[in-house]
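Coordinate analysis (summary)
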Amino acid sequence: MKKNYFLGAAANYSRKQRLLHTFSIGKQSDIDDLKDFLAKKYDGKAMITKNGRSALTLALRANLPKGSRVIVNGFTCCAVVEAVRAAEMEPVFADINKKTLNFDTETLKNLDGDGIIVQNTLGNMVDIESIERWAEKNNAVIIEDLAHCAGASYADGREAGTVGAATALSFGKDKSIDTISGGAVIFRTKIPKFSDPRMRPRLSDHLRERFYPMFGAMSRGLTRIHLGGAFMKFLVLIRFVQRSADNKLETNRKISKFEAKLALRQLQDLEEGPIRNYFLVKDRTELLKKLREAGYYFEGFWYEKPVSPARYYEKVEFPEENCPVAVEVAEKIINVPTFYTEEQLQPALKIINKYVEKD
Ligand SMILES: *Cc1c(COP(=O)(O)O)cnc(C)c1O
């Protein structure tokens, strides 16, 4: 298992860091500093956004006309599809390679698009040179989505985010940069005249984002007596916690200043690319039951459906017949949660091992 396993800085806070998160004070200059840092790092014009999906929407709008067809990884988060549709474009789903969970030139065959979103699923990098050749031949614009891979590099040594026409980052829960919410876009080839988001964060969102690490820690404490899941559900019900998928796409809404400060800190400390560990297993339902019995909370897969979460899947109208591998993987994948230490995980990994699909 890779050591620097994904992710979720906020999920791995110490008690002191949790307090710092909850009570840290941000300034406008924190947003400006983050912007300058990203502009330099990714060599373009940066804009800080409310979340990753808003950033992706702006990246698409800057580079493609309305009505464009945009190739999307067939195994992804609803945020990506939402962004394509918010930009008034059409998502075209490409099936994935079971080994990488990414599309490749084989699965892109017979597809055409005006744009392509490269996602580097769970930190697995695409073969970027072949994707670039494909894009050139098809006259498609490459947009990089760094939600899973900030800091990672492609096989040829170039860092993710320095290749495409534009780059979108998410600072959402469990992402490779995690401040609970936030995002950024870097425009590289086409520099639009969009102005920075102007609306202030909603107070309700702001408070939820401040207190989430506390609630997360309480819920994990309760996992030991099998109540963690129920506690989280209750917090969602009374709206003290918002599920990541429900984070609204708003291109004109600002990030909370304290989150900009935390994001900059995490970006400055970025180590080599993260990876979110996963296994493809047989009898996932039975395995989860075993894990629950052993006191582990392993719910929340990336991804439980080819486009997740399940409650939005119908709306996406995903073409299952074109993406059989994505459908299969969604039934078999299990992710290692981001909040257990290596040591805590050992007994769980033993259980999982018995279920891992051998190919
Ligand atoms: C989570 C995610 C995003 C964006 O997420 P936000 O919640 O809008 O910040 C984008 N792409 C992928 C692949 C993701 O998993």
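Residues numbered from 1 in each chain as written. Predicted model: local features only at pLDDT ≥ 70, side-chain atom pairs only at ≥ 80, totals over all residues. Heavy atoms only, no water.

Re the packing of aromatic side chains
In plain terms, the rule: Aromatic contacts are taken between Phe, Tyr and Trp rings whose centres are within 6.5 Å, Trp giving its six-membered ring; a plane angle under 30 degrees counts as stacked, one over 60 as edge-to-face, and the others as tilted. To sort residues, take the accessible area from a 1.4 Å probe on protein chains only and compare it with the maximum for the residue type: under 20% means buried, over 50% means exposed, and anything in between is partly exposed. When the NZ atom of lysine or the CZ atom of arginine is within 6 Å of a ring's centre and also within 35 degrees of its normal, the charge is said to sit over that ring.
Applying the stated criterion to the full structure yields 9 aromatic pairs. Pairing tryptophan 302 with tyrosine 303 gives two aromatic rings, centres 6.1 Å apart and planes at 5°, and the pair type is stacked. Relative accessible area serves as the criterion here: at 12%, tryptophan 302 is assigned to the buried category. The class of tyrosine 303 is buried, set by a relative accessible area of 4%. Put simply, the rings of Phe75, Trp302 and Tyr303 touch in pairs and so form one group of aromatic residues. Looking at lysine 173, its charged tip hangs above the ring of tyrosine 212, at a distance of 4.2 Å from the centre. In this structure, lysine 175 is placed above the aromatic ring of tryptophan 302, and the distance from its NZ or CZ to the ring centre is 4.8 Å.

Overview of the domain arrangement of the protein chain
Interface size is often expressed as the accessible area that is lost when the parts come together. Formally: Segment limits for the domains were obtained from an automatic or database-derived domain assignment. Should any heavy atoms of two residues lie within 4.5 Å, those residues are counted as being in contact. Two parts lose some accessible area (1.4 Å probe) when they are put together, and adding that loss for both gives the buried area.
Here the domain parsing of the protein chain yields domain 1 (24-187) and domain 2 (276-353). Look at where the C-alpha atoms of domain 1 and domain 2 centre, and you get two points 23 Å apart. Contact with domain 1, which involves 20 residues of that partner, is made by 27 residues of domain 2. Surface buried jointly by domain 1 and domain 2 totals about 1900 Å² across both partners, of which 64% is contributed by carbon and sulfur atoms. It is Phe75, Lys98 and Leu122 that lose the most area in domain 1 upon contact with domain 2, and together they represent 32% of the buried surface on that side.

Brief notes about the pairing of strand β7 (residues 166-170)
Note the cut-off: Working definition: helices are DSSP H or I runs of at least four residues, strands are E runs of at least two. Numbering for both runs from the N terminus. Paired strands are those between which DSSP finds at least two bridges.
By the criterion of burial, β7 is predominantly enclosed, with 5 of the 5 residues buried. Side chains Ala166, Ala168 and Ser170 project from β7 onto one buried face, and the interleaved Thr167 and Leu169 project onto a second face that is buried too. The pairing of β7 with strand β8 (residues 183-187) spans 5 bridges and is antiparallel. For serine 170, the partnering residue across the bridge sits in β8 and is glycine 183.

Concerning the site of the ligand
Filter applied, for reference: Only heavy atoms are used to decide nearness, and a residue is near a molecule or strand if one of them lies within 4 Å of it. Residue exposure ignores everything except the shown protein chains as possible cover, and the areas themselves are Shrake-Rupley values with a 1.4 Å probe. Lys, Arg, Asp and Glu make up the charged group, whereas Ala, Val, Leu, Ile, Met, Phe, Trp, Tyr, Cys and Pro make up the nonpolar group; the residues left over, Gly among them, are polar.
For the ligand, the set of nearby residues contains 13 residues, the closest of which are Gly52, Arg53, Asp145, Ser170 and Lys175. Look at the ligand: alone it shows 380 Å² of surface, and the protein chains cover 97% of it. For the shell around the ligand, the secondary-structure elements that each account for two or more residues are α3 (52-63) and α4 (78-86). For the shell around the ligand, the residue count by class is 5 nonpolar, 5 polar and 3 charged.

Details of the sheet that holds β7
Within a beta sheet, neighbouring strands are joined by backbone hydrogen bonds and run either parallel or antiparallel to one another. Quick note on the threshold: Helix axes use the C-alpha atoms of the stretch in contact, all axes being lines fitted to C-alpha atoms, and the angles between their N-to-C directions lie in the range 0 to 180 degrees.
Strand order in this open sheet of 7 strands is β1-β8-β7-β6-β5-β2-β4, and the pairing throughout is mixed. Looking along the sheet, the strands with just one partner apiece sit at the ends: β1 (45-49) and β4 (90-94). The mean angle between the axes of side-by-side strands here comes to 20°, regardless of whether they run parallel or antiparallel. Its contacts with the sheet place α4 against β2 (69-73), β4, β5 (115-118) and β6 (141-145), and it is angled at close to 145° to β4. Packed on one face of the sheet, helix α6 (residues 128-138) meets β2, β5 and β6 and runs near 170° to β5.

Focus on helix α12 (residues 324-332)
Note on helix geometry: an α-helix contains 3.6 residues per turn, so any two residues three or four positions apart are oriented the same way. Along α12, the positions that sit buried rather than exposed are Ala326, Val329, Ala330 and Lys332. Where α12 is buried, its residues touch β9 (278-280), α10 (284-293) and β11 (333-335).

Quick look at the environment of alanine 140
Mapped onto the secondary structure, alanine 140 falls in the loop between α6 and β6. It is 19 Å that separates the C-alpha atoms of alanine 140 and alanine 55, two residues lying 85 residues apart in sequence. In contact with alanine 140, other than residues within four places in its own chain, are Gly113, Asp114, Gly115, Trp134 and Ala135.

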